[in-house]
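# Examination of the molecular architecture
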Amino acid sequence: GENVEQHPSTLSVQEGDSAVIKCTYSDSASNYFPWYKQELGKRPQLIIDIRSNVGEKKDQRIAVTLNKTAKHFSLHITETQPEDSAVYFCAAINTGTASKLTFGTGTRLQVTL
Amino acid sequence: GAVVSQHPSRVICKSGTSVKIECRSLDFQATTMFWYRQFPKQSLMLMATSNEGSKATYEQGVEKDKFLINHASLTLSTLTVTSAHPEDSSFYICSALGSGTVIQYFGAGTRLSVL
């Protein structure tokens, strides 16, 4: 089955700096990669996703890049703000054969003033 | 995005009792719902996948007689923790997948505390 590794487990950045979170996956057939943000005690919320036919996707301060050859994808947050502080989870799935997401272990992002 | 409602948000119960958690898709029909368990500072651990009208598929190591899942309609799935014990205390989260989509929408979670 799919295996997703996520790094780093914790990340502290100063407000205004950029943050990068990286994930690798094992199943080359995976074709959909969402990123979820979870604030303490709250539900995970989808913040951005990318499909395997695209190399990069941006949404304001958030971007995701995908390298299918290397089987890794990354989340980039620019101009970080205190409200970006949360736990971020990457996930991967082969939508053709599976319905369940395989999640990474999460990255706790702390944006300091 | 789509809305998934989960109730209750918090439950405290005595050891040996059963607790039912509901997960509803409010504005779409969910062909598939998922139940996760999350320990503090850890990732989401999938417990089971439920499809409307059929038996749930449990992940390895999850006791199906302990965690009863029912997906009786396209908008409602329930998880019943039977004979709860303190080690069952956790944050339980559901998610729902609509027909023809790959996006999962999550409920707000239920924090279960078993005394």
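See above for the structure.
Residues numbered from 1 in each chain as written. Chains lettered and ligands numbered in written order. Predicted model: local features only at pLDDT ≥ 70, side-chain atom pairs only at ≥ 80, totals over all residues. Heavy atoms only, no water.

### Focus: the interface of chain A and chain B
Just so we agree on the cut-off: Contacts: residue pairs with any heavy atoms within 4.5 Å of one another. Here the quantity called buried area is the total loss of accessible area, with a 1.4 Å probe, experienced by two parts when brought into contact, counted for both. By definition, a salt bridge exists where a carboxyl oxygen of Asp or Glu is found within 4 Å of a side-chain nitrogen of Lys or Arg.
Across the contact, 19 residues belong to chain A and 22 residues belong to chain B. A buried area of about 1,600 Å², summed over both sides, lies between chain A and chain B, and 58% of it is on carbon and sulfur atoms. When residues of chain A are sorted by the area they lose upon contact with chain B, Arg 43, Lys 100 and Phe 103 of chain A head the list and together hold 32% of the total. If you look at where chain A meets chain B, you find one salt bridge. Where Lys 100 of chain A meets Glu 59 of chain B, a salt bridge forms, and the shortest distance between an N and an O atom there is 2.9 Å.

### Regarding the nonpolar core
How we decide: In these notes, a set of buried Ala, Val, Leu, Ile, Met, Phe, Trp, Tyr and Cys residues joined through side-chain atoms within 4.5 Å is what counts as a nonpolar core. Exposed residues in this analysis have more than 50% of their type's maximum accessible area, buried residues have under 20%, and partly exposed residues fall in between, with area computed by a 1.4 Å probe over protein chains only. A helix here means a DSSP run of H or I that spans at least four residues, while a strand means a run of E at least two residues long, and both kinds are numbered starting from the N terminus.
Ranked by internal contacts, the top residues of the largest apolar core, which has 24 residues, are Trp 35, Phe 67, Leu 79, Tyr 92 and Leu 112 of chain B. Counting only elements with at least two residues in this core, the list comes to β2 (10–13), β3 (19–25), β4 (30–38), β5 (45–51), β7 (67–73), β8 (76–81), β9 (90–98) and β11 (110–114) of chain B. If sequence neighbours within four positions are ignored, Leu 79 of chain B has contacts with Val 19, Lys 20, Ile 21, Trp 35, Phe 67, Leu 68, Ile 69 and Tyr 92 of chain B. Of all hydrophobic cores here, the second largest spans 23 residues; its members include Ile 50, Ile 62, Ala 86 and Cys 90 of chain A.

### Details of the sheet that holds β7 of chain B
All names here are of chain B. This is how the line gets drawn: Note on pairing: DSSP must find at least two bridges between two strands before they are called paired. In this description, a line fitted to the C-alpha atoms serves as the axis of each element, helices being fitted only across the stretch in contact, and the angle between N-to-C directions of two axes falls anywhere from 0 to 180 degrees.
Pairing within the open sheet is antiparallel, and its four strands lie in the order β1-β3-β8-β7. Only two strands of the sheet have a single partner each, and these edge strands are β1 (4–7) and β7. Going from strand to strand, the sheet's axes swing by 15 degrees on average, the running direction of each strand aside. Across five bridges, β7 lies against β8 in antiparallel orientation. Bridge pairing in β8 places Ser 73 opposite Leu 76.

Note that all results are geometric; they support no functional claim without further evidence.
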